[in-house]
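Given next are the chains, with one letter for each unit.
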Amino acid sequence: MHDDHHHHDHDHDHDHSELSPMDARVRALETILVEKGYVDPAALDVLIETYETKVGPHNGARVVAKAWADPAYHARLLKDATSAIGELGFVGRQGEHMVAVENTSGTHNMVVCTLCSCYPWPVLGLPPVWYKSAPYRAKAVRDPRGVLADFGVTLPAGKEIKVWDSTAEVRYLVLPERPAGTEGWDEARLATLVTRDSMIGTGLASAPEAVA
Amino acid sequence: MSGAAYVNHADLGGRLGLGNVEPEANEPWFHADWEKRALALTLAMGATGAWTIDQSRAAREQQPGYLGMSYYEVWTGGMERLLADRGLVTAADTAAGHAVDPAKPLPRKLLAENVPATLARGGPTGRETGEAQRFHVGDRVRTVEMPEQIGHTRLPRYVRGKTGTVVLTHGAHVFADSSAAGTGEAPQWLYTVRFSAHDLFGPEADPSVSVSVDAWDSYLMPA
C-alpha cells in the first residue's frame with residue numbers, strides 16, 4: 001500500500017502517510033479495473049484533464065453572450081438549442097438533447113435534477129456540490145424563492161418562476177437576462193458577465209459595474 | 001434486480017427538513033484526488049458498455065446510506081455494486097486489492113486516444129418508435145400513481161397523480177425504466193409537463209411558481 005501510494009505523484013508528503021478510506025477504496029478499485037484490462041489508465045488521465053481544464057461554464061457563457069449579441073443566433077438557440085450550441089463546438093456527453101429557456105422581465109427559470117445530478121456538462125462542466133446536494137434537490141421544486149435567498153438573490157414578488165426538473169436526458173440551459181448598461185458590448189465582453197449560477201437559474205448575470 | 005424490495009433513496013424533490021442550500025465560493029472542480037479518479041473510472045467503465053446509464057442510476061439510488069454520502073461516494077458505491085452484480089469484480093479481487101479472478105469480456109474499452117470522440121458522441125437517447133404521438137403542446141394530462149417500490153423510475157414521487165400541461169415534446173426516447181430493468185430500450189414519446197406549485201404542494205404554495213418534469217408517455221394519461 002505504501003509503495004502504491006508513492007506511485008501517485010500528488011502533493012501528499014510525510015504528513016499524510018495515511019490514506020483516507022475513500023482514497024484507499026478508489027485506488028484499489030482502479031488497480032483492479034486496470035489489471036483486469038477493463039480501463040486504460042491513460043484514458044483516465046485524459047478524462048480528468050478534460051473536465052479540469054477544457055469544459056466549464058466559460059463554454060456556456062459564450063453561448064449566452066452570442067445569443068445576447070446576435071438576434072439570429074438567439075432565435076436558433078431557442079428553436080434548437082442542441083444544434084445552436086453545437087455550432088460553437090459544445091457537444092456530447094450530458095448535452096445530447098439541449099433546451100434553452102429564456103429569462104425575461106416577467107419570467108425566471110431555474111434548473112434542478114431532483115432524482116440525481118443531471119446537468120448540461122458540455123456548457124457548464126461538472127456540477128458543483130450544492131447542485132447535487134439533498135437541500136437543493138428537495139427545495140428547488142417546493143421553494144425556489146427560498147433557494148434564491150440562499151444565494152442572496154431576491155426577485156420581484158410577482159415574477160413568475162418556472163422550475164425545470166431534468167428527469168430524462170433533456171438538459172436545460174438558462175438564458176439569463178442581459179444586464180442593462182451593456183449596449184454595444186461585444187460577445188467577449190458580454191461573456192464576462194455570465195456566471196455559472198445565472199445559467200442554472202440560482203443567480204443573475206453580473207452587473208457591468210461588478211466586472212469593470 | 002433480484003426479489004428484494006427496491007428502495008430508491010434519491011427521490012428528494014419537495015422533501016422538507018433537508019436544510020438550506022450552501023453554495024461554496026470559488027468551488028474547485030474536485031475536493032480530493034480520489035474524486036478525480038472516481039469520476040474517470042465511472043466514465044471509463046460506462047464507456048465499456050457493461051451497463052446502461054439507467055442501470056448505473058438505479059445502482060446509485062438504492063444505496064441505503066445515500067443521504068449521508070458525498071456524490072462521488074454515491075458514484076463509487078454504485079459502480080462497485082454494478083461490478084459485483086455482473087461478476088466483473090469478485091469478492092476475492094476486492095479482498096486482495098488486485099485482480100485475482102480472470103476478467104470477463106466487455107463490449108468495448110475506452111482508449112486514451114478515443115476519449116475526445118467518445119465524449120463528443122455522448123449517448124443520445126432519441127429513437128424511432130412506431131407509436132403515434134398521444135399528446136401535444138397545450139394538452140392537459142394526469143400522471144399515473146405508482147407503488148412506492150416499483151423499481152427504477154424517472155417519475156418523481158412529488159409529481160405522481162398530478163394534473164399538468166404539456167409544454168414541450170421531444171420525440172421518442174429510450175425509456176429509462178425499461179433500460180434500468182434490463183428489458184431493452186423500449187422507446188416512448190417524451191414530453192415536458194408543467195404543473196402549478198399549487199397543484200403539487202397545496203394551496204399555501206407560491207402562486208407564481210410552476211414546476212416541469214420530463215415524462216415518458218406511459219407516465220401520462222389524458223386529464
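Residues numbered from 1 in each chain as written. Chains lettered and ligands numbered in written order. Predicted model: local features only at pLDDT ≥ 70, side-chain atom pairs only at ≥ 80, totals over all residues. Heavy atoms only, no water.

## Regarding the overall build of chain B
In step 1: Helix and strand content of chain B: 7 helices and 6 strands.
In step 2: The secondary structure elements of chain B, listed N-terminal to C-terminal, are α-α-α-α-α-β-β-β-α-β-α-β-β.
In step 3: Its C-alpha atoms put chain B at 60 × 45 × 40 Å along the principal axes.
In step 4: Taken across its 223 residues, chain B has 49% of its residues classed as buried.
In step 5: Total accessible area computed for chain B in this model is approximately 10,000 Å², and 54% of it derives from carbon and sulfur atoms.
In step 6: Put simply, chain B has 20 plus and 26 minus side-chain charges, and the middle of one group is 3 Å from the middle of the other. (Helix = DSSP H or I, 4+ residues; strand = E, 2+ residues; numbered from the N terminus. Buried < 20%, exposed > 50% of the residue type's maximum accessible area, 1.4 Å probe, protein only. Areas by Shrake-Rupley, 256 points an atom, 1.4 Å probe, with all protein chains shown as cover. Lys, Arg positive; Asp, Glu negative; His and termini not counted. Charge placed at Lys NZ, Arg CZ, Asp CG, Glu CD.)

## Section: the domain arrangement of chain B
All names here are of chain B.
In step 1: On domain assignment, one finds that chain B holds domain 1 (33-121) and domain 2 (126-222).
In step 2: A straight line from the C-alpha centre of domain 1 to that of domain 2 covers 29 Å.
In step 3: Counting from both sides, the interface comprises 6 residues of domain 1 and, opposite them, 7 residues of domain 2.
In step 4: Between domain 1 and domain 2, the buried area comes to about 510 Å², and carbon and sulfur atoms account for 45% of it.
In step 5: Contact with domain 2 buries surface across domain 1, with D54, Q55 and R57 losing the most and accounting together for 69% of the total.
In step 6: Remark: the boundary between domain 1 and domain 2 carries 0 salt bridges.
In step 7: Applying the counting criterion to the domain 1 and domain 2 interface returns 3 residue pairs in polar contact (both at pLDDT 80 or more).
In step 8: Residues that form the side of domain 1 that touches domain 2 fall into these classes: 1 nonpolar, 2 polar and 3 charged. (Domains from an automatic or database assignment. Contact = heavy atoms within 4.5 Å. Buried area = accessible area lost by both parts, 1.4 Å probe. Salt bridge = Lys/Arg side-chain N within 4 Å of Asp/Glu carboxyl O. Polar contact = N/O pair within 3.5 Å; in protein donor to acceptor, adjacent residues only side chain to side chain. Nonpolar A, V, L, I, M, F, W, Y, C, P; charged D, E, K, R; others polar.)

## Looking at the side chain of A:T50
In step 1: On the secondary structure map, A:T50 appears in helix α3 (residues 41-54).
In step 2: Using a relative accessible area of 11% as the deciding quantity, one classes A:T50 as buried.
In step 3: Sequence-distant contacts of A:T50, that is, excluding residues within four places in its chain, are made with A:V55 and B:L119.

## Describing the packing of helix α2 (residues 53-61) of chain B against helix α3 (residues 71-85) of chain B
Residue and element names in this part refer to chain B.
In step 1: Where α2 contacts α3, the two axes come as close as 8 Å, and the packing angle between them is 110 degrees. When the axis of α2 is compared with that of α3, the two are roughly perpendicular. Judged by the twist between their axes, the crossing of α2 over α3 is right-handed. The segment α2 lies against α3, with Q55, S56, A59 and R60 engaging V74, W75, G78, R81 and L82.
In step 2: Looking at the contact of α2 with α3 residue by residue, the classes come out as 4 nonpolar, 3 polar and 2 charged. (Axes fitted to C-alpha atoms, helices over the stretch in contact; angles between N-to-C directions. Parallel < 35°, antiparallel > 145°, perpendicular 65-115°, else oblique. Left-handed = near helix turned anticlockwise from the far one by under 90°.)

## Comments concerning the nonpolar core
In step 1: Grouped together as the largest cluster of nonpolar side chains are 123 residues, with contacts concentrated most on A:L33, A:V63, A:L77, A:I85, A:Y136, B:L39 and B:L83.
In step 2: A per-element tally of this core places helix α1 (residues 33-46) of chain B first, with 8 residues.
In step 3: Dropping the residues within four chain positions of it, B:L39 is found in contact with A:Y51, A:W121, A:L126, B:F30, B:Y72 and B:W75. (Core = buried A, V, L, I, M, F, W, Y, C linked by side-chain atoms within 4.5 Å.)

## Focus: the domain arrangement of chain A
In step 1: For chain A, the domain assignment lists domain 1 (17-54) and domain 2 (56-211).
In step 2: Taking only C-alpha atoms into account, the centre of domain 1 of chain A sits 31 Å from that of domain 2 of chain A.

## Topic: the pairing of strand β3 (residues 160-165) of chain A
In step 1: Bridge count between strand β2 (residues 107-112) of chain A and β3(A): 6 bridges; the pairing is parallel. Following the sheet pairing, A:H108 is matched in β3(A) by A:I161.
In step 2: Looking at chain direction, β3(A) and strand β5 (residues 209-216) of chain B are connected through 5 bridges and run parallel. Each residue of the ladder has a partner; that of A:W164, found in β5(B), is B:S212. (Pairing = 2+ DSSP bridges.)

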